[in-house]
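Take a look at the letters that make up each chain.
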Amino acid sequence: MIGRRRFLNTIARGIFLSTVAPRVFGESLSTLTDTHSSNLRWLQIPSPHLEVNGLPWFAENGGELSRLPVKLKESFRKPVWNLAQDPSGGRIRFRTNSTSLAVRLEYPHGPSMTNMQAFGQTGVDLYVNKNTYWGTAIAGRDSKPGLVQNHSFYEAQRGVDREITLYLPLYAPVKVLGIGVDADAKIYEPRSFALNKPIVFYGTSITQGGCASRSGMSYEAILGRSLNVDFINLGFSGNGIGEPEMAGVVASLDPAAFVLDFAHNNPTVESLKQAYDPFIAAIRREHSQTPIILMTPIYDAHLECWAPRPLLDEMRTLIRQVAAQRIAAGDKNLQLVEGTDLLGPSQGDSLVDGVHPNDLGQKAIAEGLVPRISKIIASEPIV
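Criteria and cut-off values
Residues numbered from 1 in each chain as written. Predicted model: local features only at pLDDT ≥ 70, side-chain atom pairs only at ≥ 80, totals over all residues. Heavy atoms only, no water. 1 Å grid on protein atoms, 1.4 Å probe; cavity = no way out; pocket = protein on both sides within 12 Å on 5 of 7 lines; lining within 4 Å. Points joined across faces, edges and corners; volume = space filled by probe spheres on them. Helix = DSSP H or I, 4+ residues; strand = E, 2+ residues; numbered from the N terminus. Phe/Tyr/Trp six-rings, centres within 6.5 Å; stacked < 30°, edge-to-face > 60°. Buried < 20%, exposed > 50% of the residue type's maximum accessible area, 1.4 Å probe, protein only. Lys NZ or Arg CZ within 6 Å of the ring centre and 35° of its normal. Pairing = 2+ DSSP bridges. Axes fitted to C-alpha atoms, helices over the stretch in contact; angles between N-to-C directions. Core = buried A, V, L, I, M, F, W, Y, C linked by side-chain atoms within 4.5 Å. Contact = heavy atoms within 4.5 Å.

S.K.: Give me empty space enclosed by the protein: which residues, what numbers.
M.R.: For the structure shown, the criterion picks out 1 cavity of 30 Å³ or more. There is about 150 Å³ of room inside the largest cavity. Forming the boundary of the largest cavity are 14 residues, of which Arg 93, Thr 165, Tyr 167, Phe 193 and Arg 225 lie nearest the centre. Elements supplying a minimum of two residues to the lining of the largest cavity: β3 (91-96), β8 (162-167) and α7 (219-227).

Given below as structure tokens:
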């Protein structure tokens, strides 16, 4: 078994052998006949009525699908910046009566991870009318810069209004070169969210979406659909350690709530201690009353079963102490969520590799957080 830090660093660098599905299967999901393509109107982003959610610096970044502001690129560690080019949590939303829907994509490389298949790593998921999953576009194994890939989600359907949500990849950069609709299709703005501000999640690979089967199956995406709330995913695989630069950029946002889950990537309890309370303090300097949810680590078979040691228990104790001290000092908008209440030792089948939640685990985390976020919705202005 590889060491934990080496394992997480490997995920961050993305140096995995390819285990994608057979070639004929992948090709069948990424084809669009020239005849059909020529009959479509290709919408660009940004474009009127196409709403880009989950990427707060999208406009500032000139339309780049980055999860961090380009102007601060040099202030972030290189692996953090590289991971920020994976648009996890990014969504493109609109309504249309188009009888066809397609997408035109460009990926810098094909799927290459071992613990996430091509759908989970590179997929662009289509959801219709909020909760209906329709299909996924993925990167071909031969993907490279300049190679345009077209994918038809549907053709010759009834011309009725549909709410469209495209979930962007969890673990792969992508350029959305166009969204294809009927030439005469009407395009409308999407419906409003239940909150006028998003929920911001900061954390590790678990936060980023590892190892959901598809981009629409991260726990944030599941929670977002369940409660009709917007969200921002600032999870960084192997690199969610709570450094000051990230505390500053997280605090610069103005959400309905913050959810923090970055213990797992700290190598020691001492390193977590040095980062944890200062991270919260940075948020509180800018947002004295915004709810903050602190998550202790979920169950980890590597650290708690196969190689038992008290690291995660000690980290959980530290987070509890920080939460208790701040609440005792008067912070009434701070909540503690025990990670093992969301995904505990009895749910080992909810992990892909002993560490990262599969779809069962992602759903369990989402369902455990829904009551907490529901209370925030109840206390916030409705759009």
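Picking up where we left off.
S.K.: Hey, could you go over the packing of aromatic side chains for me, with residue numbers and the actual values?
M.R.: Inspection of every chain in the model, using the stated rule, returns 9 aromatic pairs. On the basis of an interplanar angle of 40 degrees and a centroid distance of 4.9 Å, the ring pair of Phe 262 and Phe 279 is categorised as tilted. Residue Phe 262 is found in the loop between β13 (257-261) and α9 (269-286), and its partner Phe 279 is found in helix α9; the two are separated by 17 residues along the sequence. Each member of the pair Phe 262 and Phe 279 is classed as buried. Clustering of aromatic rings is evident, with ring pairs tying together Tyr 202, Phe 262, Tyr 276 and Phe 279. Taking NZ or CZ as reference, Arg 91 lies 4.0 Å from the ring centre of Phe 231, over its face.

S.K.: Please give an account of the sheet that holds strand β4 (residues 101-106) that cites residues and values.
M.R.: What the 4 strands build is an open sheet, ordered β1-β9-β4-β7; its pairing is antiparallel. The two strands at the open ends of the sheet, each matched to only one other strand, are β1 (40-43) and β7 (148-154). Adjacent strand axes in the sheet meet at a mean angle of 25 degrees when their direction is disregarded. Taken together, the 4 bridges between β1 and strand β9 (residues 175-182) define a ladder with antiparallel strand orientation. Bridge pairing links Leu 40 to Asp 182 in β9.

S.K.: Describe the nonpolar core, with residues and values.
M.R.: Membership of the largest hydrophobic core comes to 40 residues, with the highest contact counts inside it found for Leu 68, Met 246, Val 250 and Leu 260. When residues of this core are traced back to their parent elements, those giving at least two are α4 (78-84), β11 (199-203), β12 (231-235), α8 (244-251), β13, α9, β14 (292-295) and α11 (311-328). Setting aside residues up to four positions removed in sequence, Val 250 forms contacts with Val 200, Tyr 202, Leu 234, Phe 258, Phe 279 and Ile 283. Counting residues in hydrophobic clusters, the runner-up holds 39 residues, among them Ala 256, Ala 301, Leu 342 and Leu 369.

Function cannot be inferred from these measures alone, as they are strictly geometric.
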